[in-house]
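Coordinate inspection notes
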Amino acid sequence: MGQTKVLAHRGYSSQAPENTMAAFRLAAEADADGLELDVHLTKDGEVVVIHDETVKRTTGKKGRIRDLTLEEIRRLDAGSWFSESFNGEPIPTLDEVLSLAADKGLWLNIELKNNKIRYPGLEQAVLERLDRYGMAGRTVLSSFNHYSLRTVHELRPDIDTAILYMADLVEPWHYARHVGASSIHPYWPTARDEVVRGCHKAGLPVRPFTVNRQEEMRRLLHVSVEAIITDYVTRLLDERNAT
Ligand code: G3P
Ligand code: CA
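None of these values were measured; they are calculated from a predicted model.

**Observations regarding the packing of aromatic side chains**
Tallying each qualifying case throughout the model produces five aromatic pairs. Seen from their ring centres, tryptophan 81 and phenylalanine 82 are 5.6 Å apart, and the 80° between their planes marks the pair as edge-to-face. Looking at phenylalanine 82, the relative accessible area reads 28%, which means it is partly exposed. Ring-pair connections join several aromatic residues into one group, and the members of that group are Phe144, Tyr187, Trp188 and Phe209. Here the guanidinium or amino end of arginine 235 rests over the ring plane of tyrosine 232, the centre of that ring lying 4.1 Å away.

Here it is in structure tokens:
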């Protein structure tokens, strides 16, 4: 079993505005193994990287992603809400992140935000881009919408897919297999030692989110989860070095 990977949640989001190229570059510079990011489809079918269904929280402007074109989205400032030093930081396209990841040898966890709003064709659009950048073998697609994961599995059974969940599921490895998913991404309090052990016995990698407290990092490193998704990249790297 390899060492636990450090995945930067929405990029290095404790140090830079989430889901921006600044946050992704900072994560790479800090030596994260990979990036977690959230994707939606624009009105004109582009895949963009943002957490919410609307641009309100991170740009201060009104509008849902699915009602805006890429050109309209690219004019927005997704940096200054975090700090003035990130003024004008745009909402990235998935292509930009794939290009960075391919260049730096990073792993990716792309979360399909197909939940509150359904985006027909999102899975296909993401898969096409993974192939274009040669990133299919270094990416896991996750979602809280498990039908979306089933769609990915039907289209491309070779791609790693992960069920995202918050509830304390009983024997989640059986459920993941039923969905057709190949890994589990549990909310960290539900990633109890026996759950991790059960998943490993069933051959399923476990990557809990979003782990920011040192004692939880330590416990999860100790049970050898495959990756930990965190806002605090350096804290987790230090903890891994000390283990
Ligand atoms: O992928 C794990 C985590 O990012 C899921 O929650 O709300 O941060 O997208 P959220
Ligand atoms: Ca996410």
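Don't stop here, the text continues.
**Let's talk about the site of ligand 1**
The local shell around ligand 1 consists of His9, Arg10, Glu36, Asp38, His51, Glu111, Lys113, Phe144, Leu164 and Phe209. Measuring from an oxygen atom of ligand 1, one finds a side-chain N or O atom of glutamate 36 at 2.8 Å. Taking lysine 113, its side chain carries an N or O atom lying 2.9 Å from an oxygen atom of ligand 1.

**Section: helix H9 (residues 214-222)**
Looking at H9, one finds that the buried residues are Glu216, Met217, Leu220 and Leu221. Along the long axis of H9, the arc covered by the buried residues comes to 135°, so they all point the same way. At the exit of H9 stands serine 224, carrying a positive phi of roughly 60°.

**Focus on the side chain of threonine 139**
Positionally, threonine 139 belongs in strand E5 (residues 139-143). For threonine 139, a relative accessible area of 4% gives the class buried. In terms of polar contacts, threonine 139 uses its side chain to reach the backbone carbonyl oxygen of methionine 135, at 2.8 Å. When neighbours within four sequence positions are excluded, threonine 139 is seen to be in contact with Leu108, Ile110, Leu130 and Asp160.

**Regarding the coordination of the calcium ion (ligand 2)**
Within the protein, the atoms that donate to the calcium ion (ligand 2) are Glu36 (OE), Asp38 (OD) and Glu111 (OE), at distances of 2.2 Å. Every donor residue of the calcium ion (ligand 2) comes from the same chain, spaced as E-x1-D-x72-E. With a gap of 73 residues between them, aspartate 38 in strand E2 (residues 34-41) and glutamate 111 in strand E4 (residues 107-112) connect regions that are remote in the sequence. No difference in accessibility class separates aspartate 38 from glutamate 111, as the two residues are buried.

**Points about the side chain of aspartate 231**
Position of aspartate 231 among the secondary structure elements: in the loop between strand E8 (227-230) and helix H10 (233-242). Among buried charged residues, aspartate 231 stands out as having no salt bridge; its nearest opposite-charge side chain is arginine 10, 6.0 Å away. A polar atom in the side chain of aspartate 231 sits 3.0 Å from the side chain of serine 13. Among the polar contacts listed, one links the side chain of aspartate 231 to the side chain of asparagine 212, at a separation of 2.9 Å. For aspartate 231, the residues in contact, after removing those within four places along its chain, are His9, Tyr12, Ser13, Ser14, Thr210 and Asn212.

**Regarding the nonpolar core**
Membership of the largest hydrophobic core comes to 70 residues, with the highest contact counts inside it found for Leu35, Leu37, Val39, Val126 and Leu130. Among all residues touching valine 39, those that are not within four sequence positions of it are Val47, Val48, Val49, Ile50, Leu94, Ile110, Glu111, Leu112, Lys113, Leu122 and Val126. Counting five residues, the second-largest nonpolar core is a separate cluster that includes Leu7, Leu164, Ala227 and Ile229.

**A closer look at the pairing of strand E7 (residues 183-186)**
Side chains Ser183 and His185 project from E7 onto one buried face, and the interleaved Ile184 and Pro186 project onto a second face that is buried too. By the bridge criterion, four bridges tie strand E6 (residues 160-165) to E7 in an arrangement that is parallel. Residue alanine 162 lies in a different strand from E7, and its bridge partner there is serine 183. Running through helix H7 (residues 172-179), the crossover from E6 to the neighbouring parallel element E7 is right-handed.

Reading the values: rules and limits
Residues numbered from 1 in each chain as written. Chains lettered and ligands numbered in written order. Predicted model: local features only at pLDDT ≥ 70, side-chain atom pairs only at ≥ 80, totals over all residues. Heavy atoms only, no water. Phe/Tyr/Trp six-rings, centres within 6.5 Å; stacked < 30°, edge-to-face > 60°. Buried < 20%, exposed > 50% of the residue type's maximum accessible area, 1.4 Å probe, protein only. Lys NZ or Arg CZ within 6 Å of the ring centre and 35° of its normal. Near = heavy atom within 4 Å. Polar contact = N/O pair within 3.5 Å; in protein donor to acceptor, adjacent residues only side chain to side chain. Helix = DSSP H or I, 4+ residues; strand = E, 2+ residues; numbered from the N terminus. Arc of directions from axis to C-beta. Contact = heavy atoms within 4.5 Å. Donors = N, O, S within 2.8 Å, 3.2 Å for Na, K, Ca; no water. Lys, Arg positive; Asp, Glu negative; His and termini not counted. Salt bridge = Lys/Arg side-chain N within 4 Å of Asp/Glu carboxyl O. Core = buried A, V, L, I, M, F, W, Y, C linked by side-chain atoms within 4.5 Å. Pairing = 2+ DSSP bridges. Right-handed = clockwise from strand over helix to strand, strands pointing away.

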